[in-house]
Amino acid sequence: MVQILIDYQPFVRLLLRLRGNSPAELRALTRRREFDARMSAIVLQAQLAGLIRDDLDPTVVARLLFGAMNSTVDWFRPSGRVSPDELTEALLALVFHGVAAPATGA
């Protein structure tokens with residue numbers, strides 16, 4: 001998913017800024033809402049299967065995950081110091097392990 005955002009960065013940036021001011025924007029917003037609903041359902045399925053924590057609202061989780069990914073279109077530069085693969089790994093590490101340092105054994 002990160003690679004798709006990078007490959008289509010200008011188009012994704014435009015899509016994320018839509019406000020429904022024209023018929024084309026309204027259609028794009030409808031598709032984005034459908035995608036959000038599908039992603040929320042996937043998060044819920046993962047929660048019910050015990051794969052991810054279930055104490056958070058699945059819609060909030062889905063929106064936060066995609067908000068983090070989608071924000072990359074505003075700042076990520078493929079020629080920058082972080083490669084697309086490193087960006088993907090950082091996103092996965094953040095999502096699945098957070099930013100807290102691992103606990104050390106006492």
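Every residue gets a number counted from 1 within its own chain, in the order that chain's sequence is written. Whole-chain, interface and lining totals are the exception, using all residues; otherwise, since this is a predicted model, local features are given only for residues with pLDDT of at least 70 and side-chain atom pairs are given and counted only at 80 or more. Hydrogens are left out, water is left out, and the side-chain values use all remaining heavy atoms of the structure.

A. Inspection of helix H3 (residues 23-48) at higher detail. By the criteria applied, helices consist of DSSP H or I runs no shorter than four residues and strands consist of E runs no shorter than two, each listed in order from the N terminus. For a helix, the expected span equals 1.5 Å multiplied by the number of residues minus one. With 26 residues, H3 extends 38 Å between its outermost C-alpha atoms, agreeing within 8% with the 38 Å of an ideal straight helix rising 1.5 Å per residue. Using a 1.4 Å probe on the protein chains alone, a residue whose accessible area is under 20% of its type maximum counts as buried, one over 50% counts as exposed, and one in between counts as partly exposed. Taken together, the buried positions of H3 are Ala28, Leu29, Met39, Ser40, Val43, Ala46 and Gln47. The first or second residue beyond H3 is Gly50, which carries a positive phi of 80°.

B. Quick look at helix H6 (residues 84-97). The terminal C-alpha atoms of H6, which comprises 14 residues, lie 19 Å apart, in line with the 20 Å expected from a rise of 1.5 Å per residue. If you check which residues of H6 are buried, you get Pro84, Leu87 and Leu91. Each buried residue of H6 lies within a common arc of 60° when the element is viewed along its axis, so the set occupies one face. For H6, the exposed residues set more than 90 degrees away from the buried face come down to Asp85, Glu89, Phe96 and His97. The arc in question is formed by the directions pointing from the helix axis toward the C-beta atoms.

C. Layout of the confidence of the model for the protein. What pLDDT conveys is the predictor's confidence in a given residue, as a value from 0 to 100. Residue-level pLDDT values for the protein average 84, and 82% of them are 70 or greater. Across the protein, element-level confidence peaks in H6 with a mean pLDDT of 90 and bottoms out in helix H2 (residues 9-16) with 62.

D. Main features of the pattern of salt bridges. Salt bridges are defined by distance alone: a side-chain nitrogen of Lys or Arg within 4 Å of a carboxyl oxygen of Asp or Glu. If you walk through the whole model with that rule in mind, you get one salt bridge. A salt bridge links Asp55 to Arg53, with the shortest nitrogen-to-oxygen separation between them at 2.6 Å. We classify Arg53 as exposed; its relative accessible area is 54%.

E. View of the nonpolar core. To qualify as a nonpolar core, a set must consist of buried Ala, Val, Leu, Ile, Met, Phe, Trp, Tyr and Cys residues joined through side-chain atoms within 4.5 Å. Formed by Met39, Val43, Val61, Ala62, Phe66, Met69 and Leu91, the largest nonpolar core amounts to seven residues. No other element matches the four residues that helix H4 (residues 58-70) contributes to this core. Contact between two residues is taken to exist if any of their heavy atoms lie within 4.5 Å; hydrogens are not considered. Each residue touching Ala62, except ones within four places of it in the same chain, is listed here: Met39, Ser40 and Val43.

F. Region of interest: the environment of Asp85. With respect to the element layout, Asp85 can be found in helix H6. Accessibility expressed as a relative area gives 58% for Asp85, which makes it exposed. Between the C-alpha atom of Asp85 and that of Gln3, which follows or precedes it by 82 residues, the distance is 8.2 Å.

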